[in-house]
Amino acid sequence: MLLQANQRTKLDDSDDRLFYSYPRFVTHVDEGFIDQLTSLYRDRLKPNTRILDMMSSWVSHLPQDMEFAHVEGHGMNEEELAKNRQLNHYFVQDLNKDLKLPFPDKDFDAVVNCVSIQYLQYPDAIFYEIYRILKPGGIAIISFSNRMFYQKAISAWRDGSETSRVELVKRYFDSVKSANEVPGFSQVEVISQKSNVPSFLQMLGLGGGDPFYVVIAYRQV
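Being a predicted model, the structure only gives us computed values, none of them experimental. (Residues numbered from 1 in each chain as written. Predicted model: local features only at pLDDT ≥ 70, side-chain atom pairs only at ≥ 80, totals over all residues. Heavy atoms only, no water.)

Trainee: What is the right way to look at the packing of aromatic side chains in this model?
Mentor: Two aromatic rings, taken as a pair, are described by how far apart their centres are and by the angle between their planes. In the structure shown here, the tally under the stated rule is 14 aromatic pairs. Aromatic pair F127 and F173: ring centres 4.9 Å apart, planes at 90°, arrangement edge-to-face. With a gap of 46 residues between them, F127 in helix α4 (residues 123-133) and F173 in helix α6 (residues 162-180) connect regions that are remote in the sequence. Across the pair, exposure class does not vary: F127 and F173 are buried alike. (Phe/Tyr/Trp six-rings, centres within 6.5 Å; stacked < 30°, edge-to-face > 60°. Helix = DSSP H or I, 4+ residues; strand = E, 2+ residues; numbered from the N terminus. Buried < 20%, exposed > 50% of the residue type's maximum accessible area, 1.4 Å probe, protein only.)

Trainee: Could you clarify how one ought to interpret the pattern of salt bridges in this entry?
Mentor: If you walk through the whole model with that rule in mind, you get 13 salt bridges. A salt bridge links D16 to K10; the shortest N-O distance between them is 3.0 Å. A relative accessible area of 8% means that D16 is categorised as buried. Taking the relative accessible area as the measure of exposure, K10 reaches 11% and is therefore buried. E167 is paired through a salt bridge with K170; the nearest N and O atoms lie 3.3 Å apart. (Salt bridge = Lys/Arg side-chain N within 4 Å of Asp/Glu carboxyl O.)

Trainee: Explanation requested: the environment of I154 in the structure shown.
Mentor: Tracing the backbone shows I154 in the loop between β5 (134-144) and α5 (155-158). Taking relative accessible area as the criterion, I154 reaches 0% and is therefore assigned buried. Counting along the chain gives 21 residues from I154 to S175, while the straight-line C-alpha distance between them is 18 Å.

Trainee: Could you clarify how one ought to interpret the sheet that holds strand β7 (residues 212-218) in this entry?
Mentor: Consider a sheet: its strands pair through backbone hydrogen bonds, and that pairing is either parallel or antiparallel. Strands sit in the order β3-β2-β1-β4-β5-β7-β6 across an open sheet of 7 strands; the sheet is mixed. At either end of the open sheet lies a strand with only one pairing partner, and these are β3 (89-92) and β6 (189-193). Shown here is a sheet whose adjacent strand axes are inclined to one another by a mean of 15°, direction ignored. Here β6 runs beside β7; their pairing, made up of 5 bridges, is antiparallel. (Pairing = 2+ DSSP bridges. Axes fitted to C-alpha atoms, helices over the stretch in contact; angles between N-to-C directions.)

Trainee: Please explain α6 as it appears in this structure.
Mentor: Owing to its 3.6 residues per turn, the α-helix aligns residues three or four sequence positions apart on the same side. For α6, built from 19 residues, the straight-helix expectation of 27 Å at 1.5 Å per residue is met to within 8% by its first-to-last C-alpha distance of 28 Å. Along α6, the sharpest change in direction is near 35° and occurs at D174. Every buried residue of α6 is listed here: E162, R165, V166, L168, V169, Y172, F173, S175 and V176. Two residues or fewer past α6, E181 is found with a positive phi of approximately 55°. (Expected span 1.5 Å × (residues − 1). Bend = angle between axes of the 7 residues up to and from the residue.)

Trainee: What should I look at first to understand the pairing of strand β2 (residues 70-75) in this one?
Mentor: Successive residues of a regular strand alternate their side chains across the two faces of the sheet. Burial runs high along β2: 6 of the 6 residues are buried. Residues H70, E72 and H74 line one face of β2 and the alternating positions V71, G73 and G75 line the opposite face, and both faces are buried. Note that strand β1 (residues 50-53) and β2 share 4 bridges and pair parallel. Looking across to β2, one finds that L52 is bridged to E72. Crossover connection from β2 via helix α3 (residues 78-83) to parallel β3: handedness right-handed. (Right-handed = clockwise from strand over helix to strand, strands pointing away.)

Quick look at the structure:
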């Protein structure tokens, strides 16, 4: 396994379905982060393609001026997903319990995940699923800041630094090839914009902009 058992633990180990059972119609990062992410999506995603917004919510931050063939949403709260007007369809699934995505091989052109990667307890299995459902050359975009539901983030993330979290996501991508004897993902690209405000103030939403981290890779043929 990519992570040891103790690295997958959460401070709150109650059923995630209970934690996410009521909707949270808020954004978990600031407008600067969202603007940068939408701009990145505009640059890297292609119109008239199939997109999976994994671990989504009531907003997807996809460019409003781009038309996609299909945007599939996944999340843990049906009310949030139902409110997301950028989704053509959605489904609810706990990826820490059910590790297989309900799609055929090579079904999507892109998989995006915004500020939720820290909650995956079996990231190596999920990143293999991302690889499996992507078309050859398809892109995976994983974005995150330093905010989180602290009690639900895994120990490997919660106890790490911002730098170590970037390295962790890079390892998630790299694990696909080494563990499954497949071509895997391309060499990852990292976009990093740190904040100059102390982390404890950022987590309280005080001062400065949220740090902006993105790790990007493509499925190799």
